[in-house]
Amino acid sequence: MTVESTAARKPRRSAGSKAGTTGSKRTTSTTPKKGSDTDLVQLLTPEGERVANPEYDRYVEGITPEQLRGLYRDMVLTRRFDAEATSLQRQGELGLWASLLGQEAAQIGSGRALNDEDYVFPTYREHGVAWCRGVDPTNLLGMFRGVNNGGWDPNGNNFHLYTIVIGSQTLHATGYAMGVAKDGADSAVIAYFGDGASSQGDVAESFTFAAVYNAPVVFFCQNNQWAISEPTEKQTRVPLYQRAQGFGFPGVRVDGNDVLACLAVTKWALERARNGEGPTLVEAFTYRMGAHTTSDDPTRYRHDDERVAWEAKDPIARLRAYLLATDHADEGFFAELEAESEALGRRVREAVRAMPDPDHFAIFENVYADGHGLVDEERAGFAAYQASFADVEGGN
């Protein structure tokens, strides 16, 4: 599918004007030894205390109590939708689901930093960013049920279809950003990927092209510590954000469970892009609280005490603590949000169950233009397999 460039909506300043495999062995993910906690940008501690940061405070200094409640609402509703999708997969309504549990702050913070004209290239886990871009949650589920190839118009929300191939969306984003620059538009592009994708050649090539062509793109890496069953320490000798130095553009590590810090750092990076200052790598240091997907069993390769330690850094709990401490929200707000959350869960559940069943034979179509004997044989074998279930149900 061709994505029509939305770059020409606004004139752009010239660049010169301003510058695994799963296994049975359990391991514990640790931060690479190089780098320190002082490199981490944090505006809100796990206990919900606001800390000053002279470099990034200005990007959130005007935030209102209403906007803070909005960020909290975004994270709560995104988590509720995600939980419902996981449950629906367990009930056989979806073929697969990739949960974002634990990564809500990274996605909502960065998603709310975007302007309408900015363009997003997601992976398959950016449900929170999709929410920020106005994509109806039910539209995300058709692909995971097998009844469509995406479910939304990318140009309607400047939110590209989910990319299943690991890392390739960074190339798409870089190329699109190069086009944005040539069109002279005052907008930016953001590409999401995970720590596992950072080991892909596509990502390195994206960094090279983005740097050489000064593309207005932000590479947003959600380092959730695990590439399926492979910990980050087995993928890199340095913190991921430091890789940007070798390509000639800045990198920054942000507390991925701090929605304010993610908002501020992403605003800064997008501002650089729009001002013609080129790409930025943002590493959101977070944690995948659940399985890689619903086909994964994380208890086979990581210890539960690691998950418990990260639970104490929960992004929703820390913003709730801050809202209560500053009197920016009361129990009435949280009660209303809980009711809204449950209503969203019901709506998603009803929408999925109203979807048609997937066409089990669609996989055999359009493989060869003129058909193929082997495909015909496989189709017939699969048809016989499906028919065997009907025989059992019929008591034959």
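Residues numbered from 1 in each chain as written. Predicted model: local features only at pLDDT ≥ 70, side-chain atom pairs only at ≥ 80, totals over all residues. Heavy atoms only, no water.

K.L.:
Is there a simple way to explain empty space enclosed by the protein in this structure?
P.N.:
Where empty space is left can be seen by rolling a probe of water-molecule size over the atoms. For the largest cavity, the calculated volume is near 50 Å³. For the largest cavity, the full set of lining residues is Phe193, Ser198, Phe207, Cys221, Leu240, Tyr241, Arg243, Leu281 and Glu283. A per-class count over the lining of the largest cavity returns 6 nonpolar, 1 polar and 2 charged. Approximately 30 Å³ is the volume found for the second largest cavity. In terms of lining, the second largest cavity is formed by Thr78, Phe81, His127, Ala130, Trp131, Val135, Pro137 and Leu140. (1 Å grid on protein atoms, 1.4 Å probe; cavity = no way out; pocket = protein on both sides within 12 Å on 5 of 7 lines; lining within 4 Å. Points joined across faces, edges and corners; volume = space filled by probe spheres on them. Nonpolar A, V, L, I, M, F, W, Y, C, P; charged D, E, K, R; others polar.)

K.L.:
Sorry if this is basic, but what is going on with the nonpolar core here?
P.N.:
For soluble globular proteins, nonpolar side chains are generally found buried alongside one another. Residues Tyr72, Leu141 and Leu319 are the most contacted members of the largest nonpolar core, which totals 69 residues. Here this core gets 11 residues from one element, more than from any other, and that element is helix α8 (residues 259–274). When neighbours within four sequence positions are excluded, Tyr72 is seen to be in contact with Ile316, Leu319, Arg320, Leu323, Phe333, Phe334 and Leu337. Formed by 22 residues, the second largest nonpolar core is a distinct cluster that contains Ala210, Ala215, Leu240 and Ala244. (Core = buried A, V, L, I, M, F, W, Y, C linked by side-chain atoms within 4.5 Å. Buried < 20%, exposed > 50% of the residue type's maximum accessible area, 1.4 Å probe, protein only. Helix = DSSP H or I, 4+ residues; strand = E, 2+ residues; numbered from the N terminus. Contact = heavy atoms within 4.5 Å.)

K.L.:
I tried to follow unusual backbone geometry on my own but got confused; where do I start?
P.N.:
With the exception of glycine, the majority of residues adopt a negative phi angle, and the majority of peptide bonds are in the trans configuration. One non-glycine residue, Asn158, lies in positive phi territory at about 55°. As for its placement among the helices and strands, Asn158 is situated in the loop between α5 (154–157) and α6 (168–183). At Asp327, a position not held by glycine, the phi torsion is positive, near 60°. Checked against the element boundaries, Asp327 lands in the loop between α10 (315–325) and α11 (331–353). Residue classification places Asp327 among the exposed positions, given a relative accessible area of 68%.

K.L.:
Could you clarify how one ought to interpret a nonpolar patch on the surface in this entry?
P.N.:
A contiguous nonpolar surface patch, about 340 Å² in accessible area, is contributed by Phe209, Val212 and Tyr213. As for its placement among the helices and strands, Val212 is situated in helix α7 (residues 201–212). Looking at Val212, the relative accessible area reads 62%, which means it is exposed. (Patch = residues over 30% accessible without salt bridge, like charges linked within 9 Å, V, L, I, M, F, W, Y side chains within 5 Å. Areas by Shrake-Rupley, 256 points an atom, 1.4 Å probe, with all protein chains shown as cover. Salt bridge = Lys/Arg side-chain N within 4 Å of Asp/Glu carboxyl O.)

K.L.:
Help me understand the side chain of Asn223 in this model?
P.N.:
Note that Asn223 resides in strand β4 (residues 217–223). A polar contact of 2.9 Å, which involves the side chain of Asn223, links it to the side chain of Glu283. (Polar contact = N/O pair within 3.5 Å; in protein donor to acceptor, adjacent residues only side chain to side chain.)

K.L.:
Would you mind going over the packing of aromatic side chains with me for this structure?
P.N.:
The description of an aromatic ring pair uses the distance of the two centres, along with the angle that the planes make with each other. Inspection of the entire model under this criterion finds 29 aromatic pairs. Aromatic pair Trp152 and Tyr162: ring centres 5.4 Å apart, planes at 80°, arrangement edge-to-face. A residue pair is termed long-range when its members are at least 10 positions apart, and Trp152 in the loop between α4 (137–145) and α5 and Tyr162 in the loop between α5 and α6 qualify at 10 residues. With relative accessibility at 10%, the residue Trp152 sits in the buried group. Here Tyr162 falls in the buried class, since its relative accessible area comes to 7%. (Phe/Tyr/Trp six-rings, centres within 6.5 Å; stacked < 30°, edge-to-face > 60°.)

K.L.:
Looking at this structure, how should I read the sheet that holds strand β1 (residues 40–41)?
P.N.:
Strands in a sheet are paired, the pairing made by backbone hydrogen bonds, and the direction either parallel or antiparallel. Here we have 6 strands laid out as an open sheet, ordered β1-β7-β8-β4-β3-β2, and parallel in their pairing. At either end of the open sheet lies a strand with only one pairing partner, and these are β1 and β2 (119–121). In terms of strand pairing, strand β3 (residues 189–194) meets β4 through 6 bridges, oriented parallel. Its bridge partner lying in β4, Val189 is registered against Val217. Where α6 meets the sheet, its contacts fall on β2, β3 and β4, and the angle it forms with β3 comes to roughly 170°. (Pairing = 2+ DSSP bridges. Axes fitted to C-alpha atoms, helices over the stretch in contact; angles between N-to-C directions.)

K.L.:
Looking at this structure, how should I read the environment of Thr123?
P.N.:
Its place among the elements puts Thr123 in the loop between β2 and α3 (127–132). Taking the C-alpha atoms as reference, Thr123 lies 7.9 Å from Gly167; in sequence the two are 44 residues apart. At 3.2 Å, the side chain of Thr123 forms a polar contact with the backbone nitrogen of Arg125. Within the local environment of Thr123, its side chain forms a polar contact with the side chain of Glu126, the two groups lying 2.5 Å apart.

K.L.:
I would appreciate a short explanation of the pairing of strand β8 (residues 280–285) in the present structure.
P.N.:
The side chains of a regular strand alternate, residue by residue, between the two faces of the sheet. Of all 6 residues that make up β8, 6 are buried, and the element is covered over most of its length. The two faces of β8 match: Thr280, Val282 and Ala284 on one face and Leu281, Glu283 and Phe285 on the other face are all buried.

K.L.:
For this particular structure, what's the right way to read the pattern of salt bridges?
P.N.:
When the charged atoms of two side chains with opposite charge come close together, those side chains can pair. Taken as a whole, this structure holds 23 salt bridges when the rule is applied. Between Arg145 and Asp357 there is a salt bridge, with its nearest N and O atoms 3.1 Å apart. You can see Arg145 sitting in helix α4 and its partner Asp357 sitting in the loop between α11 and α12 (373–393), a full 212 residues away along the chain. Looking at Arg145, the relative accessible area reads 9%, which means it is buried. On the accessibility criterion, Asp357 (63% relative accessible area) is exposed. A cluster of three or more residues bridged by salt bridges with shared partners is formed by Arg80, Glu84, Glu342 and Arg349.

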